[in-house]
Amino acid sequence: MTQTGSEPGLRISLGGRDFDPLAEQKAQERNSNNLPDDPTLVAAWILQFTRPLTNAEMDELRTQHGLALTEYLPPRSYVERLSGRQVQLIGADTRVRAAMRFLGDFKLALSARALIEGRGRKTRDRVLMNAIVFPDADVDAVIEGITASGAGSVQLIDDRAAGGGVVVRFEFLPETDLSLLSELEAVRWVEPVPVDVDDDDHNGSPGVGEAARHGNALDALHGEGQVIGLIDRGQPDLKHCFFTDPANPDPGPDHRKIRLVRNSVQTPPSDHATFTAGIAVGDDINRPGASPHRGVAWAATLVCGNRLDLGEASSLFAELLAAGKAGARIHSNSWHSRAQLQGDQPSYDSRTADADNFAWLNQDHLVVGSSGNTGEEQGPPGTSKNGICVSCASPDPAAPAAGDGNPGPTVDGRRKPDLVASGCQIVSAQRKVVEGARCSTGVMAPCASSFATPRVAAFGAIARQYFTQGFHPTGQPRASDRINPSGALVKAVLIHAATRPDPGRDYPNQIEGWGLLDSLDILLPTPDGLAPVLWDVRNIDGLATGDSHAHELNLTSGKPLKITLVWTDPPGSVGSHRALVNDLDLVVSSPTAATYLGNVFERGASVEGGLPDRVDNVESVVLPAPEPGRWLVEVRAHEVNVGAQGYALVVTGGRLSSAFMRLGVDDGEAR
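Computed from a predicted structure; not experimentally measured.

**Here we look at the environment of Thr 50**
Step number 1: Structurally, Thr 50 is set in the loop between strand S3 (42-49) and helix H2 (55-65).
Step number 2: Sequence-wise, Thr 50 and Leu 10 are 40 residues apart; in three dimensions their C-alpha atoms are separated by 9.0 Å.
Step number 3: Excluding its chain neighbours within four sequence positions, the residues that come into contact with Thr 50 are Arg 76, Thr 94, Arg 95, Val 96 and Arg 97.

Laid out in structure tokens, this is it:
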């Protein structure tokens, strides 16, 4: 095995620990706990390579040594389940820098360690824990071991059949020995189950009146044929006039508004779910499409889940999957998860990985989540790489900062929130009975990211309808132009459509993200017939390390150029403080060879020079006054560590010089 000295750029951050795997390997060898006595025993290992692997090298390592190479742990490392004999054989490979055992101390979240040390927990607190288990493990043996550790209320959450993970959930009791639990070879990670919070800040900044919620120029589109998955506390009030259907009183495919309700804990309808559902799709049955407080996508339907189920025997992956199987492609979440114990450094946890894994396996989907109540902290699902995180914009032009929500960045430096949207003085459905009728509307709170989130999700549904009904590129529906957009393309459109709310603040930033989303005007062709240029490249046609795709544009004078690149990244390694797995670069070259990299900005405009973004999976180039002529737009694969990487590109201000390329797949059920 090639062994070099410690290199700062090759240190791994995992569960609050920062270490060099080569130094750890040597320490384990000195302590004789690197190789187990039985060479056939399968154990968890971290393998670090000297350089990024090519596709050919990955195939060779899988064939020769039985590696999976599916859980990437930055930098240049993978978590593998291997026998001692396999490790001895692969140790001779010069591409391997280090091979260290993935032992118990690296499997504990900081908050789990706090429990071991007796910190961060009151005597009467009930703390639920997740033990994430390797997919090939003997689950019965794990449950037996967790029970033996003194844990209570042990239950299994198994999503492996659909591509998800397997988790053993249990109650931490005073006698529970988490150290014993983490030493189980089959256990990958131990963390407290997060606490879920509605993002309806009743102490938010007062607004100046309800913002125009129907300001998009796509007048013919109201969400027809689109399904939004709504996870909220409880369920909407199905007897409210915004949702009721006397002909089909029970949720189902024929119901006017609610196709499915998942509610395992049997929570009654809630004010919060009724209000957010109204913002997304509410439509008064007495005056269809005419209520001044109807939803943004008032012709769309809902699939509803109860976020309280997540605290019992369900996972976010399973909830999103169930919504997808019922037809949802856009998912709205007006809540966020926060650490259960104080002082836990936020890392990439299992709920964040659930959201990213679902999107990676189901490329047609987009998850939208709120950024939290002001003064709290961000959390999943909004902080997932592939989701859109939303804060509430203040409607007061004298105070353009966010009306509610929390600034970024995430612990690994990613930009969140992605967008801000109207969420102050919003009027929507309320669960009030007035003279025997349930048709009340009103203001629930001054400002809330909870109310901005379904607005963004509804815009996502309308953008999706634009493509599925063939409005692109002419602005008129044509059957020959119908495509099934990826979640990455819908996300790219929403980010591209955002406008800069505060010219005095750097753009993009960690408060407003990419700006204020209040219309989808960018989808419409300009008066001279210039439509947005779009590429939607699925993973099957995606990039490998070192690959690039080049697209030519013809620019005429006077038109600003804006380019947005988005890719749906594979799930990160749980516990890691670096989330990005596959790293693409946006590189734009002018006719005179000036080069602009994605996300290198000064005063809101792209500038030459700078360094590539190695953190985010959204990149943009904005040029207010580009020179006319032929431009080159390149998507370069710096590192693709898992699978092949597709992407979506949205360009406004230019016309294609080469043939239009559009790649898509047939719509299908979530896997």
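Once you've had a look at it, read on.
**Considering the packing of helix H8 (residues 316-325) against helix H9 (residues 350-361)**
Step number 1: The N-to-C vectors of H8 and H9 enclose an angle of 35 degrees; their axes lie 8 Å apart at closest approach. Crossing handedness for the pair H8 and H9: right-handed. Contacts between H8 and H9 pair Leu 316, Phe 317, Leu 320 and Leu 321 from the former with Arg 351, Asp 354, Ala 355, Asn 357, Phe 358 and Leu 361 from the latter.
Step number 2: For the contact of H8 with H9, a count of residues per class yields seven nonpolar, one polar and two charged.

**Some words on the sheet that holds strand S29 (residues 618-623)**
Step number 1: Strand order across the open sheet formed by four strands is S23-S31-S25-S29, with antiparallel pairing between neighbours. Bordering the open sheet on either side are strand S23 (533-537) and S29, each of which pairs with just one other strand. Strand-to-strand twist across the sheet, computed as the mean angle between neighbouring axes with direction ignored, equals 5 degrees.
Step number 2: Bridge analysis of strand S25 (residues 561-566) against strand S31 (residues 647-652) gives five bridges, and the strand direction is antiparallel. The residue bridging Lys 562 from the neighbouring strand is Thr 652, located in S31.
Step number 3: Packing of helix H11 (residues 487-497) onto the sheet brings it into contact with S23, S25, S29 and S31, and relative to S31 it is tilted by some 30 degrees.

**A word on the sheet that holds strand S27 (residues 595-602)**
Step number 1: Spatially, S28-S27-S26-S30-S24-S32 is the arrangement adopted by the six strands of the open sheet, whose pairing is antiparallel. Two strands lie at the open edges of the sheet, namely strand S28 (605-608) and strand S32 (655-656), each paired on one side alone.
Step number 2: Across three bridges, the pairing between strand S26 (residues 583-589) and S27 is antiparallel. Considered in S27, the bridge of Val 588 is made with Tyr 596.

**Some points on the state of the cysteines**
Step number 1: Applying the stated criterion across every chain yields a total of two disulfides.
Step number 2: Here Cys 424 engages in a disulfide with Cys 447; their sulfurs sit 2.0 Å apart. With the S-S dihedral at roughly 115 degrees, the linkage between Cys 424 and Cys 447 falls on the right-handed side. Taken together, the residues span a long stretch of sequence, with Cys 424 in the loop between strand S20 (419-422) and strand S21 (427-429) and Cys 447 in the loop between strand S22 (441-443) and helix H10 (449-468) at a distance of 23 residues.

**Examining helix H5 (residues 139-148)**
Step number 1: Every buried residue belonging to H5 is among Val 139, Val 142, Gly 145 and Ile 146, and all of these are buried. Viewed along the axis of H5, the buried residues span an arc of 120 degrees, placing them on a single side of the element. Along H5, the residues that are exposed and aim more than 90 degrees away from the buried face are Asp 140, Glu 144 and Ala 148.
Step number 2: Of the surrounding elements, those touching the buried residues of H5 are strand S7 (127-133), strand S8 (152-158), strand S9 (166-172), helix H6 (178-182) and strand S10 (187-192).

**Quick look at the pattern of salt bridges**
Step number 1: Tallied over the full model, the rule gives 32 salt bridges.
Step number 2: The salt bridge partner of Asp 198 is Arg 233, with a shortest N-O separation of 1.6 Å. A residue pair is termed long-range when its members are at least 10 positions apart, and Asp 198 in strand S11 (residues 195-198) and Arg 233 in the loop between strand S12 (227-232) and strand S13 (258-262) qualify at 35 residues.
Step number 3: Salt bridges sharing common partners tie together Arg 51, Glu 57, Glu 60, Asp 93 and Arg 95.

**Let's talk about the packing of aromatic side chains**
Step number 1: In total, this model carries 12 aromatic pairs according to the counting rule given.
Step number 2: With a centroid separation of 4.7 Å and 50 degrees between ring planes, the pair formed by Phe 275 and Phe 451 is classed as tilted. Here Phe 275 is found in helix H7 (residues 271-281), whereas its partner Phe 451 is found in helix H10, with 176 residues between them in sequence.
Step number 3: Residue classification places Phe 275 among the buried residues on the basis of a relative accessible area of 0%.

**Comments concerning the nonpolar core**
A general tendency of soluble globular proteins is for nonpolar side chains to be buried together.
Step number 1: In terms of nonpolar packing, the biggest core is built from 61 residues, with Leu 419, Val 456, Leu 494 and Leu 520 touching the most fellow members.
Step number 2: Top element by residues in this core is H10. It accounts for 10 residues.
Step number 3: Grouped together as the second largest cluster of nonpolar side chains are 26 residues, Val 533, Leu 543, Leu 553 and Leu 649 included.

**Focus: unusual backbone geometry**
If a residue is not glycine, its phi is most likely negative; likewise, a peptide bond is most likely trans.
Step number 1: The omega angle of the peptide bond from His 472 to Pro 473 is 10 degrees, so this bond is cis rather than trans.
Step number 2: One can find Pro 473 in the loop between H10 and H11.
Step number 3: Following Tyr 507, the chain continues into Pro 508 via a peptide bond in cis, with omega recorded as -15 degrees.
Step number 4: Here Pro 508 shows up in the loop between H11 and S23.
Step number 5: Of note in this structure, Leu 69 is not a glycine but carries a positive phi near 55 degrees.
Step number 6: Relative to the helices and strands, Leu 69 resides in the loop between H2 and strand S4 (72-73).
Step number 7: A relative accessible area of 1% places Leu 69 in the buried class.
Step number 8: If you check the backbone angles, Arg 76 has positive phi at about 60 degrees while not being a glycine.
Step number 9: Structurally, Arg 76 is set in the loop between S4 and strand S5 (77-83).

**Here's the deal with the side chain of His 472**
Step number 1: Note that His 472 resides in the loop between H10 and H11.
Step number 2: Looking at His 472, its side chain comes within polar contact range of the main-chain oxygen of Pro 532, at 3.4 Å.

**Some remarks on the confidence of the model for the protein**
Step number 1: Mean pLDDT over the protein stands at 88; residues scoring 70 or higher make up 89%.
Step number 2: Residue range residues 203-217 is modelled with pLDDT below 50. Its contacts to residues more than four positions away, or to other chains, number 53 contacts.
Step number 3: For the stretch residues 659-669, pLDDT sits under 50, and the model shows 29 contacts to residues farther than four places along the chain or on other chains.

**Section: H11**
Step number 1: With 11 of its 11 residues buried, H11 lies for the most part within the structure.
Step number 2: Those residues of H11 that fall on the buried side of the exposure criterion are Gly 487, Ala 488, Leu 489, Val 490, Lys 491, Ala 492, Val 493, Leu 494, Ile 495, His 496 and Ala 497.

**A short note on the packing of H10 against H11**
Between two packed helices, what matters for the description is the angle formed by their axes and the separation of those axes.
Step number 1: Where H10 contacts H11, the axes come no closer than 10 Å and their chain directions differ by 115 degrees. Between H10 and H11 lies a crossing whose hand is right-handed. In this structure, H10 uses Val 456, Phe 459, Gly 460, Ala 463, Arg 464 and Phe 467 to contact H11, whose residues at the interface are Leu 489, Val 490, Val 493 and Leu 494.
Step number 2: When its residues are assigned to classes, the contact of H10 with H11 shows eight nonpolar, one polar and one charged.

Reading the values: rules and limits
- Residues numbered from 1 in each chain as written.
- Predicted model: local features only at pLDDT ≥ 70, side-chain atom pairs only at ≥ 80, totals over all residues.
- Heavy atoms only, no water.
- Helix = DSSP H or I, 4+ residues; strand = E, 2+ residues; numbered from the N terminus.
- Contact = heavy atoms within 4.5 Å.
- Axes fitted to C-alpha atoms, helices over the stretch in contact; angles between N-to-C directions.
- Left-handed = near helix turned anticlockwise from the far one by under 90°.
- Nonpolar A, V, L, I, M, F, W, Y, C, P; charged D, E, K, R; others polar.
- Pairing = 2+ DSSP bridges.
- Disulfide = S-S within 2.5 Å.
- Buried < 20%, exposed > 50% of the residue type's maximum accessible area, 1.4 Å probe, protein only.
- Arc of directions from axis to C-beta.
- Salt bridge = Lys/Arg side-chain N within 4 Å of Asp/Glu carboxyl O.
- Phe/Tyr/Trp six-rings, centres within 6.5 Å; stacked < 30°, edge-to-face > 60°.
- Core = buried A, V, L, I, M, F, W, Y, C linked by side-chain atoms within 4.5 Å.
- Polar contact = N/O pair within 3.5 Å; in protein donor to acceptor, adjacent residues only side chain to side chain.
- pLDDT = per-residue confidence, 0-100.

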